[in-house]
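One letter stands for each residue in the lines below.
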Amino acid sequence: MAKQEYLRDRLLTQRWNLIRAVSDYNFNGTEVVSMEKLLSDQLSIYEKVLEEASGSGLSLEIENNFPPLEEKWSILQAVFFASTVLTTIGYGNIVPETFWGRLFCIIYALVGIPLTLTVIADLGRVFATCVSVIAKHLPEMPKWCSRVSEANPAGQKSLYAFWAVGFLFVYLSAGAGLFKMWEDDWTFYDGFYFCFITMTTIGFGDLVPKRPKYMLLCTLYILIGLALTSTIIELVRRQYARSWQQLRALSGPLADTLRRLGDAGRGVDVSALHDLRKVLTVVTMPRMGGGRNSLADKRQLEWEAALEAVIRNINSPSPTQQKPPIVQIVIYESSV
């Protein structure tokens, strides 16, 4: 605050010096050149002082004689700064400037960041437990949803990831609505942008709440949001990893064999292998056991029928083909 008062007094002094220099300007005789140089020097000094004051956070409200900003290091602002340090967000609008302040910030961050990340991880596990408990008490899904889930477990997990991301956007939208009410000059988009940049710990600092009385609520919202975001991002990351493993599995011997078949030609209609998609669906299904023998038998019959159709289409000779082609069939079973 004392620094801003000093910059404000210096800026006002230089402004009045510039006004006096302009009012004393003399258009007579040879003094014109010297007065122009004086005005130019005085203007350069004023611009330099103005730039320094602006860079130090002084409010450039000329009609109010450059009022100093509110105190940055209030209790609530300090709590908000500490939370941005511990969560590694780091907006940059409030920073320590003294040697001892920066040294303490380093030690504080080294000790506090691991503890905060542990707390956020524990909160994520608590949220995951709550979701599992709530899911158990939900009504049963419709029959068509149950059939889809049983037929494609990977799709069911993808659906979970989709709903998780949707819930995250709902949480961000709720925060955007709150910040729109708290901040007079913020739009809903500004609030959503701030929430997204905060929850992903990017923390540009171009938009930061200015109302000190809401800092505690904002800190609580950020801590809960970080736990939710980390949990959801981990869920989506696992879905990406699972999908990538499936793609790598499908790009193994089976894909190489099909590619060799296509390159060899010999009248083989590779497009006849479209039934192989159904084969893969059946192969990658989890093994059923106990109480579901009818479903397992049905899957086995579908597998045999699909494989039989593929072999029959491959072995059917082309009209211009003299000899039957040599076909290598690879049965590929993944552990997914």
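Residues numbered from 1 in each chain as written. Predicted model: local features only at pLDDT ≥ 70, side-chain atom pairs only at ≥ 80, totals over all residues. Heavy atoms only, no water.

Enquirer: Teacher, can you tell me more about the overall build of the protein chain here?
Expert: Within the protein chain one finds 11 helices and 0 strands. Counting helices and strands in the order they occur from the N terminus, the protein chain gives α-α-α-α-α-α-α-α-α-α-α. Evaluated residue by residue, the protein chain yields a buried proportion of 30% over its 336 residues. Across the protein chain, the fraction of contacts at a sequence separation of at least 24, relative to all contacts at a separation of at least 6, is 66%. In the form shown here, the protein chain has an accessible surface area of approximately 22400 Å², with 63% of it arising from carbon and sulfur atoms. (Helix = DSSP H or I, 4+ residues; strand = E, 2+ residues; numbered from the N terminus. Buried < 20%, exposed > 50% of the residue type's maximum accessible area, 1.4 Å probe, protein only. Contact = heavy atoms within 4.5 Å. Areas by Shrake-Rupley, 256 points an atom, 1.4 Å probe, with all protein chains shown as cover.)

Enquirer: What is the right way to read helix H3 (residues 75-86) from this model?
Expert: Between its first and last C-alpha, H3 extends 17 Å over 12 residues, near the 16 Å set by a 1.5 Å rise per residue. All of the buried residues in H3 are Gln-77, Phe-80, Phe-81, Ala-82, Ser-83, Thr-84, Val-85 and Leu-86. A positive phi of about 60° marks Thr-88, the residue just after H3. (Expected span 1.5 Å × (residues − 1).)

Enquirer: What am I meant to see in the UniProt feature "transmembrane region" (unreviewed entry) in the protein chain here?
Expert: According to UniProt, the feature "transmembrane region" (unreviewed entry) maps to residues 99-121, 160-179, 191-208 and 214-236 in the numbering used here. In this annotation, residues 160-179 is assigned 100% helix and 0% strand; the end-to-end C-alpha distance for the span is 29 Å. Its end C-alpha atoms 32 Å apart, residues 214-236 is made of 96% helix and 0% strand. (UniProt positions renumbered as here; feature names shortened; annotations may be inferred.)

Enquirer: Honestly, helix H1 (residues 2-23) in this entry has me stumped. Any pointers?
Expert: One turn of the α-helix equals 3.6 residues, which is why residues spaced by three or four share an orientation. Compared with an ideal rise of 1.5 Å per residue, which puts 22 residues at 32 Å, H1 spans 32 Å between its outermost C-alpha atoms and is within 8% of the ideal. Taken together, the buried positions of H1 are occupied by Gln-4, Leu-7, Arg-8, Leu-11, Leu-12, Gln-14, Arg-15, Leu-18 and Ala-21.

Enquirer: Sorry if this is basic, but what is going on with the side chain of Gln-77 here?
Expert: As for its placement among the helices and strands, Gln-77 is situated in helix H3. Look past the residues within four positions of Gln-77 in its chain and what remains in contact with it is Glu-71, Lys-72, Ile-94 and Met-215.

Enquirer: Any chance you could explain a nonpolar patch on the surface here in plain terms?
Expert: On the surface, a nonpolar cluster with roughly 910 Å² of combined accessible area is contributed by Phe-99, Trp-100, Leu-103, Ile-106, Ile-107, Leu-110, Val-111 and Leu-115. Tracing the backbone through its elements, the reader meets Val-111 in helix H4 (residues 99-136). Relative accessible area serves as the criterion here: at 52%, Val-111 is assigned to the exposed category. (Patch = residues over 30% accessible without salt bridge, like charges linked within 9 Å, V, L, I, M, F, W, Y side chains within 5 Å. Salt bridge = Lys/Arg side-chain N within 4 Å of Asp/Glu carboxyl O.)

Enquirer: Whenever I open this one, unusual backbone geometry confuses me. Can you help?
Expert: What you tend to see is this: most non-glycine residues have negative phi, and most peptide bonds are trans. Look at Thr-88: it is not a glycine, yet its phi comes out positive at around 60°. Turning to its location among the elements, Thr-88 is positioned in the loop between H3 and H4. Look at Thr-201: it is not a glycine, yet its phi comes out positive at around 55°. Its place among the elements puts Thr-201 in the loop between helix H7 (188-199) and helix H8 (215-250).

Enquirer: Would you mind going over the nonpolar core with me for this structure?
Expert: Within soluble globular proteins, side chains that are nonpolar tend to cluster in buried spots. Within the largest apolar cluster, 27 residues are counted, with the highest numbers of intra-cluster contacts made by Phe-80, Tyr-91, Leu-172, Phe-179, Tyr-221 and Ile-222. For this core, the element with the highest residue contribution is H8, accounting for 9 residues. Among the nonpolar cores identified, the runner-up in size contains 9 residues, and Leu-12, Tyr-46, Val-49 and Ala-53 belong to it. (Core = buried A, V, L, I, M, F, W, Y, C linked by side-chain atoms within 4.5 Å.)

Enquirer: Which parts of the structure should I look at to understand the pattern of salt bridges?
Expert: When their charged atoms lie close together, side chains carrying opposite charge are able to pair. Taken as a whole, this structure holds 4 salt bridges when the rule is applied. Between Arg-10 and Glu-52 there is a salt bridge, with the nearest N and O atoms lying 3.0 Å from each other. Within this pair, whereas Arg-10 is found in helix H1, its partner Glu-52 is found in helix H2 (residues 31-55), the two being separated by 42 residues in sequence. According to the relative accessible area criterion, Glu-52 is partly exposed, its value standing at 38%.

Enquirer: Even after reading the chapter, I still don't get the confidence of the model for the protein chain, so can you show me in this structure?
Expert: Interpretation of this model should avoid reading the predicted coordinates in detail wherever pLDDT is low. Chain-level pLDDT for the protein chain is 75 on average; 63% of the residues reach the 70-or-more range. Within the protein chain, the element-level pLDDT minimum falls on helix H10 (residues 276-283), averaging 50, and the maximum on H7, averaging 93. Below pLDDT 50 for its whole length, residues 281-291 participates in 17 contacts with residues either more than four positions away or in separate chains. (pLDDT = per-residue confidence, 0-100.)

Enquirer: Mind showing me how you'd approach the environment of Thr-200 here?
Expert: Along the chain, Thr-200 falls in the loop between H7 and H8. Taking the C-alpha atoms as reference points, Thr-200 and Ser-230, 30 residues apart in sequence, are found 8.4 Å from one another. In this structure the side chain of Thr-200 is engaged in a polar contact, spanning 3.4 Å, whose partner is the backbone oxygen of Ile-197. (Polar contact = N/O pair within 3.5 Å; in protein donor to acceptor, adjacent residues only side chain to side chain.)

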